[in-house]
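In case you want the letters, here they are:
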Amino acid sequence: MGALRLPALTSIFTSSSSVRSSPAIFPLKRRLRLPLRRPFSAQSTTEKVVAPELGDGKGKVVDKEKDRVITPRSQDFNAWYLDVIANAELADYGPVRGTMVIRPYGYAIWEAIQEYMNVKFKETGHSNMYFPQFIPYSFIEKEASHVEGFSPELALVTVGGGKELEEKLVVRPTSETIVNHMFTQWIHSYRDLPLMINQWANVTRWEMRTKPFIRTLEFLWQEGHTAHATAEEAEEEAMQMIDVYTKFAYEQAAIPVIAGRKSRVETFAGASTTYTIEAMMGDRKALQAGTSHNLGQNFSRAFGTQFTDENGQRQHVWQTSWAISTRFVGGIIMTHGDDAGLLLPPRLAPVQVVIVPIWKKDNEKAGVLTASSSVKETLQAAGIKVKIDDSDQRTPGWKFNYYEMKGVPLRIEIGPRDVSSGTLVISRRDVPGKQGKVFGISMESSTLVAYVKDKLNEVQSSLLERATTFRDSNIVDVSSYDELKEAIAQGKWARGPWSAGDEEESKVKEETGATIRCFPFEQPEGPKKCLMTGNSADEVAIFAKSY
């Protein structure tokens, strides 16, 4: 068999529509130029690409063996996104179309998400466990809307051990069915309720159009599943978990999401109600960043999941499920990144501070490295994630660009003069150039720790404020369908009163490419008229193109 030739990342992970982008934060002359970090082992080593000439917008040929350029966001948002993932070493693609290998730096971001969420899940009474990856196909068929919703995305196993299986197996797309199968065996009485569990797992959905982190055939997530004695308890649980996700997005990821209820058309297959958090990416597309579903009794009736209540009567349980996935990593990239590369919120950054020692003469090296190690120990003792890059194979300038591209929030520079004066230099990743650099910060432990923590908090707050301003400036209030179409054509989100039906909602999608992202929990007061029909409306909805 001949060698397998794989297409480039831009063709293997494709977006479904043209991409609009916001203006680049840095001017073109700031484009990052680093030695090639090839994301594809099977690519030709002599491949050449056409890239704009720095500063004047003309095209030139760049030998990728010698140089790699991060495409400006304003020029091609999708290419910029793929460049950042490759150069920041977040992920690579797998040998199967649409799959990805999450590299250590990318996985470290996911681990930070896990660490936060695990604490919150346990605080709210949930326990971690694990369910099998293979699910009998008959389980999927038991809930009608569930099988209809997931059939196009299912991966099936028909042969095992060299023999055709008596019943084909589904590779887990989500676990509501197998969870109910087990809940039916574990729940007998009201004393067994509520039953609240979570699992960290991988799922497989055979997507036709994929994009790394955002939409892949296999991805990582957590999925919570709970069973309750009453409808009220299930609704309270579903709302509680969407609140957990909302708080995480704001406080940890610095992403200002809009929380709300999905329309009937967009509700999860098998759920009574779906709640969501919607985030605006840097190209103004919406990203569904997390969901919480009130399943009602849909699955418990399909599987016969019942309990004996306090009056001795048999009742079906009321259930919820809720999840976030590695899609959130993509959301962080597309919300905060700029033309220099990745830009990470400090609370999720694998490295919060990088120390770059600087020396020219051999007799300067020992003193600089000793001071750098002392600073590292001081910061580590204070709970700050810090790294020293004391390698002498690269220049300090190369390291500055490299760690900017990796999105490290703060950089400390220590040279011979700093050692003599007992001070150092600190640069903020979110404020480019001299404006973000401060000289003469004391190395004295208490002063340094307080300063670094303060600056990390400032970066965290600055990212949230910047993202919030960008989001709010790109949401347009509309009162008619023509205004909605105009807003979507401009690449913005449209917010307007809505009481029309599924048919009208489908018309909006067909004619504009936008969908109802949610009915926000926060609603304006006063009478409203549906933008489509002119009838009375109780709520406004948000429309946007999405990933």
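Residues numbered from 1 in each chain as written. Predicted model: local features only at pLDDT ≥ 70, side-chain atom pairs only at ≥ 80, totals over all residues. Heavy atoms only, no water.

An unreviewed UniProt entry lists the protein under the name proline--tRNA ligase, with Solanum pinnatisectum as the source organism. Regarding the protein, the relevant UniProt record gives this comment under Catalytic activity (unreviewed entry): "tRNA(Pro) + L-proline + ATP = L-prolyl-tRNA(Pro) + AMP + diphosphate". (UniProt positions renumbered as here; feature names shortened; annotations may be inferred.)

Q: Explain the overall build of the protein residue by residue, including any values.
A: Along its length, the protein carries 15 helices and 29 strands. Taking all 547 residues of the protein together, the buried fraction comes to 54%. Counting only contacts in the protein whose residues sit at least 6 apart along the sequence, the fraction spanning at least 24 positions is 70%. If you sum the accessible surface of the protein, you get close to 24100 Å²; carbon and sulfur atoms cover 49% of it. (Helix = DSSP H or I, 4+ residues; strand = E, 2+ residues; numbered from the N terminus. Buried < 20%, exposed > 50% of the residue type's maximum accessible area, 1.4 Å probe, protein only. Contact = heavy atoms within 4.5 Å. Areas by Shrake-Rupley, 256 points an atom, 1.4 Å probe, with all protein chains shown as cover.)

Q: An account of the packing of aromatic side chains is requested, with residue identities and associated values reported.
A: Tallying each qualifying case throughout the model produces 14 aromatic pairs. Taking 5.7 Å as the distance between ring centres and 75° as the angle between the ring planes, the aromatic pair formed by tryptophan 110 and tryptophan 200 counts as edge-to-face. Of this pair, tryptophan 110 sits in helix α3 (residues 104-123) while tryptophan 200 is found in strand β11 (residues 195-204), placing the two residues 90 residues apart along the sequence. A relative accessible area of 18% means that tryptophan 200 is categorised as buried. Ring centres of phenylalanine 121 and tryptophan 200 lie 6.2 Å apart, and the angle between their planes is 35°; this geometry places the pair in the tilted category. (Phe/Tyr/Trp six-rings, centres within 6.5 Å; stacked < 30°, edge-to-face > 60°.)

Q: Any chance you could break down helix α13 (residues 445-473) for me, citing the residues and the numbers?
A: Spanning 29 residues, α13 covers 42 Å between terminal C-alpha atoms, matching the ideal 42 Å at 1.5 Å per step. Of all the residues in α13, the buried ones are Leu448, Val449, Tyr451, Val452, Lys455, Leu456, Val459, Gln460, Ser462, Leu463, Ala467 and Arg471. (Expected span 1.5 Å × (residues − 1).)

Q: Quick rundown of the sheet that holds strand β19 (residues 353-357)? Include the residues and the values.
A: The strand order β20-β19-β21-β22-β23 describes an open sheet built from five strands, whose pairing is mixed. Either end of the sheet is taken by a strand with one partner, and the two such strands are β20 (386-388) and β23 (437-442). On average, each strand axis in the sheet is inclined to that of its neighbour by 25°, with strand direction left out of account. The pairing of strand β21 (residues 410-414) with strand β22 (residues 423-428) spans four bridges and is classified as antiparallel. Across the sheet, the residue bridging to arginine 411 is serine 427, located in β22. Here helix α11 (residues 396-405) sits on the sheet and contacts β19, β20 and β21; the angle it forms with β19, its principal contact strand, is near 170°. The strands that α13 touches are β19, β21, β22 and β23; relative to β22, the one it contacts most, it runs at about 10°. (Pairing = 2+ DSSP bridges. Axes fitted to C-alpha atoms, helices over the stretch in contact; angles between N-to-C directions.)

Q: Could you give an account of the sheet that holds strand β9 (residues 156-160), naming the residues involved and the relevant values?
A: With antiparallel pairing, the three strands of this open sheet are ordered in space as β8-β10-β9. On the outer flanks of this sheet lie β8 (134-136) and β9, each paired with one strand and no other. Recorded for the sheet is a direction-independent mean angle of 50° between the axes of neighbouring strands. With three bridges joining them, β8 and strand β10 (residues 163-171) adopt antiparallel strand pairing. Its bridge partner lying in β10, phenylalanine 134 is registered against valine 171.

Q: I'd love a proper account of α3, names of residues and values included.
A: Taking 1.5 Å per residue, 20 residues should reach 28 Å; α3 reaches 28 Å between its end C-alpha atoms and fits that length. What α3 keeps buried is the set Tyr105, Gly106, Ile109, Trp110, Ala112, Ile113, Gln114, Tyr116, Met117, Lys120 and Phe121. In the core, the buried residues of α3 are packed alongside β6 (100-102), β11, β12 (218-228), α7 (231-251), β18 (318-325) and α9 (327-336). Just beyond α3, the residue with positive phi is glycine 125, at close to 90°.

Q: Would you mind going over the pattern of salt bridges in detail, with residue names and values included?
A: Counted by the stated rule, this structure contains 19 salt bridges. Across the salt bridge formed by lysine 406 and glutamate 89, the nearest N and O atoms sit 3.2 Å from each other. In this pair, lysine 406 sits in the loop between α11 and β21 while glutamate 89 sits in the loop between α2 (77-87) and β5 (91-93), placing the two residues 317 residues apart along the sequence. Accessibility assignment for this pair places lysine 406 and glutamate 89 in one class, buried. When the shortest N-O distance is used, the salt bridge between glutamate 458 and arginine 428 registers 2.7 Å. Pair noted here: glutamate 458 is in helix α13 and arginine 428 is in strand β22, with a separation of 30 residues, a long-range link. By relative accessible area, glutamate 458 is classed as partly exposed at 29%. Given a relative accessible area of 17%, arginine 428 falls into the buried group. (Salt bridge = Lys/Arg side-chain N within 4 Å of Asp/Glu carboxyl O.)

Q: Mind laying out the environment of isoleucine 102, listing which residues take part and the relevant values?
A: Its place among the elements puts isoleucine 102 in strand β6. Taking the C-alpha atoms as reference points, isoleucine 102 and threonine 326, separated by 224 residues in sequence, lie 9.6 Å from one another. Look past the residues within four positions of isoleucine 102 in its chain and what remains in contact with it is Leu90, Ala91, Tyr107, Phe213, Leu220 and Thr326.

Q: I'd like a rundown of the environment of glycine 106, residues and numbers included.
A: Structurally, the position occupied by glycine 106 is in helix α3. By relative accessible area, glycine 106 is classed as buried at 0%. Remark: the alpha-carbon pair of glycine 106 and alanine 91, spanning 15 residues in sequence, is separated by 6.3 Å. Sequence-distant contacts of glycine 106, defined by excluding residues within four places in its chain, comprise Glu89 and Leu90.

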